[in-house]
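Tertiary structure, described
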Amino acid sequence: MRVAEKTTHDAGTLPAVPTAPSAAPAVVRPRRRRGTNREGLEAGRRGTRTLLWTLLAAAMVLYGFPFLYLLFTSFKTPIDTIAVPPTILPREWTLENYANALGRSGVPASFINSIQTAVISTVLSLVLAVPAAYGITRYRTLSGRIFIMAALVTRMVPPVAIGIPLAAMMGTLGLSDTPIALSIAHTTISLPLSIWLMSSFFEAVPQDLEEAATVDGCSRLGALWRVVIPVVSGGIAVTAIFAFLASWNEFLFALLMTAIRSQTTPVVIANFQTQFGLDWGSMTALAAVYSIPVILLTLLLQRKIVAGMTLGAVKG
Amino acid sequence: VRISDRRFALFLMAPAALFLAVFVAFPLFRLIADSFYKISPIAGGPRDFVGLDNYVRAFASEAFTGAGWRTLAYTLVVVTLEFALGLGMALLFTMLGKSSQTWRTVFMYPLMIAPIVAGLLWKFLMIDNFGLIGTLLHQAGILADPNQIGWLSDPNIVLYSVAIPDIWLTTSFMCLVLFAGLQNIPGDLIEAARLDGARAPALLFRIILPLLRPVIAVALVVRGIDAARAFDTILIQANGGPQSASETMSLLIYRTMIRFGDPGLASAMGTIYLLAMLAVAFAAVATIWRPGKDT
């Protein structure tokens, strides 16, 4: 990347290098030089940029609208919710749907279950994935290579295939219908992902770091704990968010493995449509309450998350 | 006594390996074992070894082969559309450069929404009578009647309608991954191609896409696996219906297991499904990625 940046800067001093293919060759344009190596594809001409911004605006409106409509609907009166023809904005803004949804028995408890399950699953994923990923990337043994392949293959296992045997196992262990059982099931999803992500983060850590630490008398475990972990703490945070989201939004295992006691909110949301007829208003309100905290959280931490999401894939 | 590095690496990996062995490999082993038995759905009921009978029954049933084709069609539609849309958005963001960063972040928001919520939301948009999409198309003069298209009630199109929330949820993921890949393409390569007179289509198909090949491979495989396992969005929107027209493999296995109480048959279906996914994933990685090539 550094090299590319340099050469494009040099290229920028040459005249008659049009930034857009349609630019007339005779016109010498000052080149945009924002960003690192974006000159290649970044559009420079005003007309092109206006067109692109218009396209982007249209895409954002289309893409953002469904969730906005959910929000608007949650503020309608229950009757307006299913009015024919439907309106986009509420005729009358009310919190009735929120009161109905949150006041329903089982809903507050399901929030506590969702939080408990997601937290336990996140901690479990990290405790298992961090040393495993370190062992894989730092020592590069044959067993490590086999292990990361096996971990990736587990990603392909359909939850519907192992959900029932897993539920039976939890019964044998005396954990039926507990947040612990569900969080173990969720960890089967997030652990391979966490190992994958953490491996990418560890790969970016120079090895001299812990070599220096071991020379100074640190044990290998001590070097990992005191030197390497602090360096990758950002990566651990990203992995934690992913593990948390995977559990928070998961539905199938929750459906198969929980009854009344440990039911999480996604299952409760789905049950709204069978148990109480079609209560769309309450359903939209509960869906909004469940989604907005995680959307806000991730928007706050957006940069790190983008890095985590793309890291594994781009490195291949 | 200092243990060898190899042992130390094993010691670090052991807890995670043990966890996956107990909670993934063991249930999988039970799944495969169950597929050779006829099992009574009642706990503690009889369990008779029937050999390959469940597999024979699976392949003979129209529900199973139908679900297989529907899963394939669903996966292809979802992955193709979100790849096209994701690439378009990634190019748009790249061409706008740094000034589009805030919008890139906002574009990510569906990734945080639970699939069950997304399915519900789109069901609400597409449902007959009070669905907004039909009404808006009617008001725009495109449809004569708001209920002209039975998004979720017409067996001919329901499979594609239930795919919409899935596409909506994860186009962001495609976009992010492809955007990151685009940032790694050296700018001077593009400049050189332009100096050689390459126009936009040639630039895209001869330079950009070939360079993105490994990134595209990973993105398609990851998303393909997820789409083939889609369950939540389909269950909440159409529950496999009408007339099984949206019954994909995970829904069929779920119903065979829970509703029809035939764990043996469901296990055989699950085993075939898993093997098929493994085969397709490996074939896809091998052909798209082409690890032998240096790109």
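Before any of the text, the structure's been laid out above.
Rules behind the numbers
- For every chain, the first residue of the written sequence is number 1, and numbering continues from 1 onward in sequence order.
- A letter from A marks each chain and a number from 1 marks each ligand, given out in the order of writing.
- Given that this is a predicted model, residues contribute local features only at a pLDDT of at least 70 and side-chain atom pairs are listed and counted only at 80 or more, while totals for whole chains, interfaces and linings are drawn from all residues.
- Values reported for side chains reflect all heavy atoms of the structure, with hydrogen atoms and water molecules removed beforehand.
- Each helix is a run of DSSP H or I of at least 4 residues and each strand a run of E of at least 2, with the numbering of both proceeding from the N terminus.
- Each residue is assigned to one of three classes by its accessible area relative to the maximum for its type, calculated with a 1.4 Å probe on protein chains only: buried under 20%, partly exposed between the two thresholds, exposed over 50%.
- Between two residues, a contact is recorded if the distance between any of their heavy atoms is within 4.5 Å.
- Each accessible area is a Shrake-Rupley estimate made with a 1.4 Å probe; only the visible protein chains count as cover when residues are assessed.
- Neither His nor the chain termini are counted; the positive set is Lys and Arg, and the negative set is Asp and Glu.
- Lys charges are placed at NZ, Arg charges at CZ, Asp charges at CG and Glu charges at CD.
- Each aromatic pair joins two rings of Phe, Tyr and Trp (for Trp, the six-membered one) with centres within 6.5 Å, and gets the label stacked for planes under 30 degrees apart, edge-to-face for over 60, and tilted for any other angle.
- Criterion for a charge above a ring: Arg CZ or Lys NZ at most 6 Å from the ring centre, at most 35 degrees from the ring normal.
- Each residue after the first adds 1.5 Å to the expected span of a helix.
- Bend angle per residue: angle between axes fitted to the 7 residues ending at that residue and the 7 residues starting there.
- Within this document, salt bridges are pairs made up of a side-chain nitrogen of Lys or Arg and a carboxyl oxygen of Asp or Glu, the two lying within 4 Å of each other.

Along chain B, the regular secondary structure elements total 13 helices and two strands. Projected onto the principal axes, the alpha-carbon positions of chain B cover approximately 80 × 75 × 35 Å. Classification of the 295 residues of chain B by burial places 55% in the buried group. Considering only contacts within chain B whose residues lie at least 6 apart along the sequence, 66% involve residues at least 24 apart. When the accessible area of chain B is evaluated, it comes to approximately 12700 Å², of which 67% is carbon and sulfur surface. Charged side chains in chain B number 21 positive and 18 negative. The centres of these two groups are separated by 7 Å.

Along its length, chain A carries 15 helices and zero strands. Sorting the 316 residues of chain A into buried and exposed places 54% on the buried side. A separation of at least 24 residues holds for 67% of the contacts in chain A among residues at least 6 apart in sequence. Counting only carbon and sulfur atoms, one obtains 68% of the accessible surface of chain A, whose full area is about 14000 Å².

Glancing now at the packing of aromatic side chains. How two aromatic rings sit relative to each other is given by the distance of their centres and the angle of their planes. Inspection of every chain in the model, using the stated rule, returns 24 aromatic pairs over all chains. Taking the centre distance of 5.8 Å and the plane angle of 25 degrees together, the rings of Tyr69 of chain A and Phe124 of chain B count as stacked. Of this pair, Tyr69 of chain A sits in helix H2 (residues 46-74) while Phe124 of chain B sits in helix H5 (residues 115-126), which puts the two residues in different chains. Looking at Phe124 of chain B, the relative accessible area reads 1%, which means it is buried. Ring-pair connections join several aromatic residues into one group, and the members of that group are Tyr63 and Phe67 of chain A together with Phe93, Phe107, Tyr109, Trp122 and Trp168 of chain B. Directly above the aromatic system of Tyr139 of chain A lies the positively charged group of Arg138 of chain A, at a separation of 5.2 Å from the ring centroid.

With 21 residues, helix H14 (residues 280-300) of chain A should cover 30 Å at 1.5 Å per step; its first-to-last C-alpha distance of 30 Å lies within 8% of that length. Considering bend angle alone, the principal kink of H14 of chain A is centred on Ser291 of chain A and spans about 30 degrees; proline Pro293 of chain A follows within four residues of it.

What follows concerns unusual backbone geometry. Residues and elements named next belong to chain B. For Asn239, which is not glycine, the phi dihedral falls at a positive 50 degrees. Secondary-structure assignment places Asn239 in the loop between helix H11 (232-237) and helix H12 (249-258). Classification of Asn239 by relative accessible area gives partly exposed; the value is 30%. With phi around 60 degrees, Ser244 is a residue other than glycine that occupies positive phi space.

The next thing to look at is the pattern of salt bridges. One pass over the structure, following the stated rule, counts 13 salt bridges over all chains. With its nearest N and O atoms 2.6 Å apart, the salt bridge here joins Arg220 of chain A to Asp5 of chain B. Here Arg220 of chain A is found in helix H10 (residues 220-231), whereas its partner Asp5 of chain B is found in helix H1 (residues 5-34) on a different chain. The partner of Arg223 of chain B in a salt bridge is Glu82 of chain B, and the shortest N-O contact between them spans 2.4 Å. Of this pair, Arg223 of chain B sits in helix H10 (residues 200-228) while Glu82 of chain B sits in helix H3 (residues 62-96), placing them 141 residues apart in sequence. Among the residues examined, Arg223 of chain B registers a relative accessible area of 3% and is labelled buried. According to the relative accessible area criterion, Glu82 of chain B is buried, its value standing at 0%. Counted as one network, the salt bridges with shared partners bring together Arg155 of chain A together with Glu82, Asp166, Arg223, Asp226 and Arg229 of chain B.

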